[in-house]
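If you want the building blocks of each chain, they are given just below.
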Amino acid sequence: MKTAIIILGASGDLAKRKLIPALDRLFARGNIDTTSLIVGSGRTPLSHDEFRGESDCCKPFQEIMFYHQGISGLKTYVDSHGEFERIVIFMALPPKVYGSTAKELHAEGFGDETILVVEKPFGYDFESAVKLNSELTAEFDESQIFRIDHYLAKEAVQNMLVFRFANTIFEPVWNSHYIESIQVNCFEDLGVEGRAQYFDTSGIVRDMVQNHLIQLLALLTMEPPTSLSADSIRHQKRNVLEQLEVVDWCRYQCEEYRSEKGIDPQSNTETFASIELKINNLRWAGVPIHIRAGKYMNRKGTEIGVKFRKLPSILFNQNGDLAENRIIFKIQPAEGIIIDLSSKVPGADQKITGTTMKFCYSDHFGGSEIPEAYTKLLLDAIRADKTLFVSAEESELSWQKFSEVINDKSEPKFHKRGEVPADSCSIEWIDFESYGSICE
Ligand code: NDP
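Everything in this summary refers to the structure shown in the same document.

Rules and cut-offs
- Residues numbered from 1 in each chain as written.
- Predicted model: local features only at pLDDT ≥ 70, side-chain atom pairs only at ≥ 80, totals over all residues.
- Heavy atoms only, no water.
- Near = heavy atom within 4 Å.
- Polar contact = N/O pair within 3.5 Å; in protein donor to acceptor, adjacent residues only side chain to side chain.
- Helix = DSSP H or I, 4+ residues; strand = E, 2+ residues; numbered from the N terminus.
- Phe/Tyr/Trp six-rings, centres within 6.5 Å; stacked < 30°, edge-to-face > 60°.
- Buried < 20%, exposed > 50% of the residue type's maximum accessible area, 1.4 Å probe, protein only.
- Disulfide = S-S within 2.5 Å.
- Salt bridge = Lys/Arg side-chain N within 4 Å of Asp/Glu carboxyl O.
- Contact = heavy atoms within 4.5 Å.

In this section: the site of the ligand. In the region of the ligand, 18 residues are neighbours, and Asp13, Arg17, Arg43, Thr44 and Leu93 sit closest. Between an oxygen atom of the ligand and a main-chain N or O atom of Leu93, the distance comes to 2.7 Å. Here the shell around the ligand gets three residues from one element, more than from any other, and that element is helix α1 (residues 13-28).

This is the structure:
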């Protein structure tokens, strides 16, 4: 299909660092060819060569790259390069102009052939998300709007669906009869770095939990889709989000945060949060779900831990001290799945110890390239495959469920850099760090 790809905000950080290199990779792989057109656009006056020179792309790819200043005349400019059956427009713009830009694009003549790709944040809270969605859908049909959650493009996240629905051994135990609790952990060793201004108006719940981590949880807990179509998967994610309820939360701030450059010295923004949730459906009723996310931690890692119910105190568990089985999904930086099992220690005694079975991407697929998230997402947008994009309903439901948490402006408790707050909602957290070297 003859495709034009337009990047609005082409002079910005996202365009230069992620989008243009991703398109260059798609060109090198043959997913985009010389019949395609790449147009950068923005208010900044740039020549075609200046735009081409902003990224380190291969020469043949540079030949299909052009720059057009502003939105006015953009459709005519694209049309002057030929007829395109699909026009993908990536809004790499400040979120406050998404709505007005959609209006301008529609007025400019972009119609049914258009796919509008929007970056997070999709609003700031429930009300603004509803407003944004209504502004976008006033100009384009919901089927044309692709909301990016780059977490969904991670191989380990997509593999959760395969793990659950391509193996017969897990689905029968994937419910409250066998699973005791679920924990989602997301630690970042860095602080706010260059994003101080943005982060201080956001906080970790808005930045990570309400969107990325809730999407992971939805994939982990949703009912089997009726097919692998985008609609079917998104329908099941939406259903589980609807049944989600926040039970309790704790907010913390790293002691160093208020003295960071660009941060309000009185700021009550949380840099660490721990949230207890439940899912009110037959499959998950009674299973506590905990999510915690923090910056300024002692390590970087996103993991999901599924704890199975303990054995009754009989047979090998007479003393009740046998550890429960666990499945650990390692999402990043290393990707893999670990299953904790009890095994017999060799010898005459009936001694039992904890052992692990592991699947690591690096062991099995070491030689193959794991596609970078934006490469995968841009290709999906070009192919109009919405599976890894978030629907309007999902984005609104996520905001709605976390309204109380994000509106909590009370002073958070404080913790030292590198120290996990000890009373993170008073639960026994899996020691995810102990799985650290596995798969790395
Ligand atoms: P930038 O702040 O670098 O802005 C991108 C471009 O938008 C600018 O170069 C500018 O180009 C244009 N722009 C700025 N203000 C306006 C305005 N008022 N009206 C119209 N155009 C404007 O943003 P990023 O590139 O960092 O991010 C783009 C989007 O992606 C944002 O929504 C951000 O939240 C999101 N995002 C970014 C990530 C990143 O890694 N950078 C990661 C995840 C999400 P010009 O002046 O030429 O018009």
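On to the packing of aromatic side chains. The tally for this structure, following the rule as stated, stands at 14 aromatic pairs. Between Phe163 and Phe170, the aromatic rings sit 4.0 Å apart at their centres with planes inclined by 25 degrees, giving stacked as the arrangement. Taking relative accessible area as the criterion, Phe170 reaches 11% and is therefore assigned buried. Centre to centre, the rings of Phe187 and Phe272 are 6.2 Å apart; their planes meet at 50 degrees, and the pair counts as tilted.

Per the counting criterion, the structure on display carries one disulfide. A sulfur-sulfur distance of 2.1 Å marks the disulfide that ties Cys360 to Cys439. Sign of the S-S torsion, about -75 degrees for the bond between Cys360 and Cys439, identifies this disulfide as left-handed. Taken together, the residues Cys360 in strand β14 (residues 352-360) and Cys439 in the segment after β16 (413-415) connect sequence positions 79 residues apart. The burial state of Cys360 is the same as that of Cys439; both residues are buried. The closest cysteine sulfur to the non-disulfide-bonded Cys254 is located on Cys186, 16 Å from its own sulfur. Relative accessible area serves as the criterion here: at 0%, Cys254 is assigned to the buried category.

This part is about the pattern of salt bridges. Under the definition given, this model contains 26 salt bridges. With a closest N to O distance of 3.6 Å, Lys300 and Glu188 form a salt bridge. Note that Lys300 is positioned in the loop between β10 (289-294) and β11 (301-308) and Glu188 in the loop between β7 (179-187) and α8 (196-200), a separation of 112 residues in sequence. In this structure Lys300 comes out as partly exposed when scored by relative accessible area, which is 35%. One salt bridge in this structure joins Arg326 and Glu324, with 2.9 Å as the shortest N-O distance.

Our focus in this paragraph is the environment of Glu303. By the secondary structure assignment, Glu303 is in strand β11. On the basis of relative accessible area, Glu303 is assigned to the buried category, the value being 3%. Remark: the alpha-carbon pair of Glu303 and Ile328, spanning 25 residues in sequence, is separated by 6.7 Å. Residue contacts for Glu303: discarding those within four places in its chain leaves Gln183, Val184, Asn185, Ile328, Phe329, Lys330 and Phe432.

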